[in-house]
Amino acid sequence: MNMNTKSLELEIKLLHERICSALGDSTRIMILYLLAEKNMYVNEISESLQIPQSTISRHLRVLRERKLVTTERQGTAVLYSLLDKRIIRALDLMREILNDQVRAEAAITKSIS
């Protein structure tokens, strides 16, 4: 392997460990989309997604550890926000790819019938 490939391999491993693993759960992705709209407290996220606060807190811990969200303590409450809004652009791009794939599959299915 040349240096370029070795460097790419290391970067991809880090990408998988830090970001892709955090995106491996649909609830965490939904949390990111909610936080793209506005900063929120755990109870607000819990109410929006109709998921227990303990579960939301666990997901937020993963997102915080992977540096996708940040916190601001306000008394006893913790306000969560996106650390870097580019993650939403990346998710939107992946959703576009998915939509294209679904449309292509639907076109194939329609042409067969």
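Quick caveat, the model's predicted, so the values are computed rather than measured. Residue positions are given per chain, counted from 1 along the sequence in the order it is written. Only residues with pLDDT of at least 70 are given local features in this predicted model, and only at 80 or more are side-chain atom pairs given and counted; all residues enter the totals for whole chains, interfaces and linings. Hydrogens and water are ignored here; the side-chain numbers use all heavy atoms of the structure.

A. Summary view of the overall build of the protein. Strands here are runs of E lasting at least two residues and helices are runs of H or I lasting at least four, both read from the DSSP assignment and numbered beginning at the N terminus. Counting secondary structure elements, the protein contains five helices and three strands. Every radius of gyration here is taken over C-alpha atoms, with the globule rule written as 2.2 Å times N^0.38, N being the number of residues. In terms of overall size, the protein is more extended than a compact globule, its C-alpha atoms giving a radius of gyration of 18 Å where 113 residues would be expected to give roughly 13 Å. In terms of overall dimensions, the protein has a C-alpha envelope of 60 × 50 × 20 Å along the principal axes. Taking the contacts inside the protein whose residues are at least 6 apart along the sequence as the reference set, 51% of them involve residues at least 24 apart. Per-residue and other accessible areas were derived by the Shrake-Rupley procedure at a 1.4 Å probe size, with only the shown protein chains allowed to occlude residues. Carbon and sulfur atoms provide 54% of the accessible area of the protein, an area that totals close to 8200 Å². Note on contacts: a residue pair qualifies if any of its non-hydrogen atoms lie within 4.5 Å across the two residues.

B. Broad picture of the pairing of strand S3 (residues 77–82). The rule for pairing is simple: two strands pair if DSSP sees at least two bridges between them. Note: strand S1 (residues 40–41) against S3, two bridges, orientation antiparallel. Residue pairing for S3: Met40 is matched across the bridge by Tyr80. Pairing analysis gives six bridges linking strand S2 (residues 69–74) to S3, with the strands arranged antiparallel. Bridging across to S3, Thr71 finds its partner in Tyr80. Between S2 and S3, which pair antiparallel one after the other, the connecting turn spans two residues, and Gly75 there sits at a positive phi close to 70 degrees.

C. Spotlight on the sheet that holds S1. Read across the open sheet, the three strands follow the order S1-S3-S2; overall the sheet is antiparallel. Because the sheet does not close on itself, it has two edges, and the strands there are S1 and S2. Working convention: axes come from line fits to C-alpha atoms, limited for helices to the stretch in contact. Angles between N-to-C directions cover 0 to 180 degrees. Across the sheet, helix H4 (residues 53–65) touches S2 and S3, and the angle it forms with S2 is around 115 degrees.

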